[in-house]
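# Residue-level structure breakdown
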Amino acid sequence: DAKTTQPPSMDCAEGRAANLPCNHSTISGNEYVYWYRQIHSQGPQYIIHGLKNNETNEMASLIITEDRKSSTLILPHATLRDTAVYYCIVRVPNRGGGSQGNLIFGKGTKLSVKP
Amino acid sequence: NAGVTQTPKFRILKIGQSMTLQCAQDMNHNYMYWYRQDPGMGLKLIYYSVGAGITDKGEVPNGYNVSRSTTEDFPLRLELAAPSQTSVYFCASSYLGGSYEQYFGPGTRLTVT
């Protein structure tokens, strides 16, 4: 799997947009970008994923650069409950067995949303 | 749906003891996973299963065993517990196909002394 690079920590003011960057310069053509987050002491939670087009759901937006070497997760109106560690992961969405599709978690970005 | 459930929530073991961490899911997912998370680190995959009767090693399998006799249950066995196995253990499950997101349980915090 391609490796990702994320800043170790970021701050964001409550109500403002939180923009979390991720570099994945060695991503392969068939690898997707996935984002998960982990609120303190809880299990990780899926946020969003994409291949090359920008994606949006009820939680966040994912912006992937045209060359796919980096992406940004956007939380449009951060709240205190969004304080968490955010993981950017690239992998093949395996559907046929084997270890190709397994998630590889790095250290992520610790986002602190402040009042 | 209860989603992914794990028991116990906390456990203290003495060195050399054995125990089984329980994991169950009620979403009819084919894939199930066990991860461990050491303080300040990301999750590391211990074992995974792509269906009942099929298991495979992940990144850090030494000191652990798993079985998958049903779709719903995926227990993790620790034999001869060691201090290096002090960690938080997370179980997860996912569909075969689809968006392939993984759903995680609340975790088991294990201390080996």
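Before reading further, recall that the structure is shown in the block above.
Structural notes, computed from the coordinates. (Residues numbered from 1 in each chain as written. Chains lettered and ligands numbered in written order. Predicted model: local features only at pLDDT ≥ 70, side-chain atom pairs only at ≥ 80, totals over all residues. Heavy atoms only, no water.)

## A few points about the overall build of chain A
In plain terms, the rule: By definition, any uninterrupted DSSP run of H or I lasting at least four residues is a helix, any uninterrupted run of E lasting at least two residues is a strand, and each is numbered from the N terminus. We compute the radius of gyration from the C-alpha atoms alone; for a globule the expected value is 2.2 Å times N to the 0.38, where N is the number of residues.
Each helix and strand in chain A was counted, giving zero helices and nine strands. Moving toward the C terminus, one meets the helices and strands of chain A in the order β-β-β-β-β-β-β-β-β. Whereas a compact globule of 115 residues would reach a radius of gyration of roughly 13 Å, chain A reaches 14 Å, a difference of no more than 12%. Reported as C-alpha extents along the three principal axes, the dimensions of chain A are approximately 45 × 30 × 25 Å.

## Considerations on the pairing of strand β9 (residues 109-114) of chain A
All names here are of chain A. Applied cut-off: At least two bridges found by DSSP between two strands are what make those strands a pair.
For strand β1 (residues 9-13) and β9, the ladder comprises five bridges, and the chain directions are parallel. Following the sheet pairing, D11 is matched in β9 by S112. Two strands pair when backbone bridges link them, and strand β8 (residues 84-91) and β9 are joined in this way by three bridges, in the antiparallel orientation. Paired with Y86 across the strands is T109, a residue of β9.

## What to know about unusual backbone geometry
Only a minority of non-glycine residues have a phi that is not negative, and only a minority of peptide bonds are not trans. All names here are of chain B. Look at the link from T7 to P8: it is a cis peptide, with omega at -5 degrees. In this structure, P8 sits in the loop between β1 (4-7) and β2 (10-13). Even without a glycine there, the phi angle at L80 is positive, about 55 degrees. As for its placement among the helices and strands, L80 is situated in the loop between β8 (76-78) and β9 (87-94).

## Re the sheet that holds strand β7 (residues 70-75) of chain A
Within a sheet, each strand pairs with its neighbour through backbone hydrogen bonds, oriented either parallel or antiparallel. All names here are of chain A. Here four strands make up an open sheet; going across it, the order is β2-β7-β6-β5 and the pairing antiparallel. Each edge of the sheet is formed by a strand with only one pairing partner; in this case those strands are β2 (18-23) and β5 (55-56). In this sheet, β7 lies alongside β2 in antiparallel orientation, the contact comprising six bridges. Bridge pairing in β7 links A18 to L75.

## Some remarks on the sheet that holds β8(B)
Residues and elements named next belong to chain B. Where we set the bar: Fitting a line to C-alpha atoms yields each axis, with helices limited to the stretch in contact; the angle taken between N-to-C directions then spans 0 to 180 degrees.
Spatially, the four strands line up as an open sheet ordered β1-β3-β8-β7, and their pairing is antiparallel. Both outer strands of the open sheet, β1 and β7 (64-66), are each paired with one neighbouring strand and no more. Between one strand and the next, the sheet's axes are offset by a mean angle of 20 degrees, whatever the strand orientation.

## A closer look at the packing of aromatic side chains
How two aromatic rings sit relative to each other is given by the distance of their centres and the angle of their planes. Spelled out, the test is: Only Phe, Tyr and Trp rings are paired, with Trp represented by its six-membered ring, and only when their centres lie within 6.5 Å; those with planes under 30 degrees apart are stacked, over 60 edge-to-face, the remainder tilted. Think of it as a cone above the ring: NZ of Lys or CZ of Arg counts as a charge over the ring if it is within 6 Å of the ring centre and within 35 degrees of the ring normal.
Counted according to the given criterion, the structure contains eleven aromatic pairs over all chains. When the ring centre of B:F74 is taken as reference, the NZ or CZ atom of B:R68 above it lies at 6.0 Å.

## With respect to the state of the cysteines
Going by this rule: Any cysteine sulfur atom paired with another within 2.5 Å is treated as part of a disulfide. Whether a residue is buried, partly exposed or exposed follows from its accessible area with a 1.4 Å probe, protein chains only, as a fraction of its type maximum: under 20%, in between, or over 50%, in that order.
Within this structure, the stated rule accounts for two disulfides over all chains. Put simply, A:C22 and A:C88 are joined by a disulfide, and their sulfur atoms are 2.1 Å apart. Judged by the torsion about the S-S bond (-80 degrees), the A:C22/A:C88 disulfide is left-handed. Of the two residues, A:C22 sits in strand β2 while A:C88 sits in strand β8, which places them 66 residues apart along the sequence. Here the two residues A:C22 and A:C88 agree in accessibility, since each one is buried. Between B:C23 and B:C91 runs a disulfide, and the two sulfur atoms are separated by 1.8 Å. Its torsion about the S-S bond being -70 degrees, the disulfide of B:C23 and B:C91 is classed as left-handed. With B:C23 in strand β3 (residues 19-25) and B:C91 in strand β9, the pair connects residues that are 68 residues apart, well separated along the chain. A single burial state applies to B:C23 and to B:C91, both of which are buried.

## Focus: the pairing of β9(B)
Residue and element names in this part refer to chain B. Judged by how many residues are buried, β9 sits mostly within the fold: eight of eight residues are covered. One ladder, built from seven bridges, connects strand β4 (residues 31-37) with β9; its direction is antiparallel. Bridging from a neighbouring strand, Y33 pairs with A92 of β9. In terms of strand pairing, β9 meets strand β10 (residues 103-104) through two bridges, oriented antiparallel. Counted as the bridge partner of S93 is Y103 from β10.

Spatial relationships are all this shows, so hold off on functional conclusions.
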